[in-house]
Amino acid sequence: MNQDEMKRAVAAAAIEEVKNSILDGEIIGIGTGSTANHFIDLLADYKQDIRGTVASSEASANRLRGHGIEVLDLNSTGSIAVYVDGADESNERLELIKGGGAALTREKIVAAASQRFICIADESKLVNQLGAFPLPVEVIPMARSYVARELVKLGGNPVYREGVTTDNGNIILDVYDFMIATPMKTEEQINNITGVVCNGLFALRPADVLLLGTANGVKTLKP
């Protein structure tokens with residue numbers, strides 16, 4: 001299988017994982033990105049059974065609505081049964097780097113509000129140590145230079161992602177050359193920098209299950 005076929009395979013496996021939640025009338029959290037898009041497209045087959053969804057980005061919300069699937073405001077739903085999203089990197093503890101699509105803050109909010117987080121990814125995303133993929137950090141625009149200087153102190157090389165504004169009206173700094181030995185500690189350190197809205201480490205709230213697409217089929221990993 002090529003990479004796109006692997007993404008579709010894990011999306012199909014995720015449908016099987018959430019089918020009972022759909023039939024039980026529970027709210028489904030939906031992530032952002034190419035793998036999540038495959039999941040959304042397959043989810044359309046069950047739209048008559050879906051009570052509603054919560055999307056982590058305007059792009060995903062628009063794709064869901066395009067299939068006739070209702071998108072709800074998280075403030076009106078309470079706890080979410082299950083959240084399905086991709087990742088830019090995952091280690092074997094299912095700590096993740098996310099945010100390549102600049103939706104990290106809303107993704108983290110939906111993950112935090114969900115009872116179960118299913119991550120779907122192809123095998124290229126599984127790594128021994130997080131950090132080869134540049135870590136996205138969402139920042140209040142006026143704090144960009146200050147936050148960048150603080151990230152340098154932590155050992156990273158922050159680069160402004162030009163031309164990108166998040167759904168929250170903020171900017172993204174991508175931190176390069178930043179291998180992450182202690183993801184939970186690093187997530188807290190970055191979040192404590194004044195001006196940071198959120199960073200793309202999902203270590204304090206990692207995934208509960210990783211469905212990994214491989215050339216030999218889908219593997220299920222748990223921490």
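Provided above is the structure to which this section pertains.
Parameters at a glance
- Residues numbered from 1 in each chain as written.
- Predicted model: local features only at pLDDT ≥ 70, side-chain atom pairs only at ≥ 80, totals over all residues.
- Heavy atoms only, no water.
- Buried < 20%, exposed > 50% of the residue type's maximum accessible area, 1.4 Å probe, protein only.
- Helix = DSSP H or I, 4+ residues; strand = E, 2+ residues; numbered from the N terminus.
- Pairing = 2+ DSSP bridges.
- Polar contact = N/O pair within 3.5 Å; in protein donor to acceptor, adjacent residues only side chain to side chain.
- Contact = heavy atoms within 4.5 Å.
- Axes fitted to C-alpha atoms, helices over the stretch in contact; angles between N-to-C directions.
- Core = buried A, V, L, I, M, F, W, Y, C linked by side-chain atoms within 4.5 Å.
- Parallel < 35°, antiparallel > 145°, perpendicular 65-115°, else oblique.
- Left-handed = near helix turned anticlockwise from the far one by under 90°.

(A) Structural context of the pairing of strand S6 (residues 114–122). Of all nine residues in S6, seven are buried; the element is thus mostly enclosed. Bridge analysis of strand S3 (residues 80–85) against S6 gives five bridges, and the strand direction is parallel. Bridge pairing in S6 places Ile 80 opposite Ser 114. Sheet topology places S6 next to strand S12 (residues 209–214); five bridges connect them, and they run parallel.

(B) Structural context of the side chain of Asn 91. Turning to its location among the elements, Asn 91 is positioned in the loop between strand S4 (89–90) and strand S5 (96–97). At 3.0 Å, the side chain of Asn 91 forms a polar contact with the backbone nitrogen of Arg 93. What Asn 91 contacts, discounting residues up to four positions off in sequence, is Leu 126, Val 127, Asn 128, Leu 130 and Pro 183.

(C) Just the sheet that holds strand S10 (residues 196–199), in detail. The strand order across the open sheet formed by four strands is S8-S9-S7-S10, and the pairing between neighbours is antiparallel. Two strands lie at the open edges of the sheet, namely strand S8 (157–160) and S10, each paired on one side alone. Direction aside, the axes of adjacent strands within the sheet are offset by 30 degrees on average. Across the sheet, helix H5 (residues 144–153) is in contact with strand S7 (135–139), S8, strand S9 (171–176) and S10; its angle to S9 comes to roughly 20 degrees. Strands S7 and S10 of the sheet are contacted by helix H6 (residues 183–191), whose axis makes an angle of about 165 degrees with S10.

(D) Here's a closer look at the sheet that holds strand S13 (residues 217–221). Taking strand neighbours across the sheet as the criterion, the six strands line up as S2-S1-S3-S6-S12-S13 in an open arrangement whose pairing is mixed. Strands at the two margins of the open sheet, each flanked by one partner only, are strand S2 (53–55) and S13. For this sheet, the mean angle separating the axes of adjacent strands, direction not counted, is 20 degrees. Helix H1 (residues 3–23) contacts strand S1 (28–30), S3, S6, S12 and S13 of the sheet and is inclined by roughly 160 degrees relative to S6.

(E) Structural view of the nonpolar core. Membership of the largest hydrophobic core comes to 25 residues, with the highest contact counts inside it found for Phe 39, Leu 43, Leu 64, Val 84 and Ile 120. Residue assignment for this core shows that the elements contributing at least two residues are H1, S1, helix H2 (34–43), helix H3 (58–66), S3, S6 and S12. Among the elements that line this core, the one with the most residues is H1, at six residues. Not counting chain neighbours up to four residues away, the residues in contact with Leu 43 comprise Ile 15, Ile 22, Ile 30, Ile 50, Thr 53, Leu 64 and Ile 69. Counting residues in hydrophobic clusters, the runner-up holds 19 residues, among them Ile 97, Leu 130, Val 137 and Ala 148.

(F) Layout of the packing of H2 against H3. Look at H2 against H3: their axes get within 9 Å of each other, and the N-to-C directions meet at 20 degrees. It follows that H2 is roughly parallel to H3 by the angle criterion. Judged by the twist between their axes, the crossing of H2 over H3 is right-handed. From H2, Asn 37, Ile 40, Asp 41 and Leu 43 reach across to H3, where they touch Ser 60, Arg 63 and Leu 64.

(G) Main features of the environment of Thr 186. Examined against the element boundaries, Thr 186 turns out to sit in helix H6. Counting along the chain gives 59 residues from Thr 186 to Val 127, while the straight-line C-alpha distance between them is 17 Å. Residues within four places of Thr 186 in sequence aside, it is in contact with Phe 178, Ile 180 and Leu 201.

On their own, these measurements won't tell you what the molecule is for.
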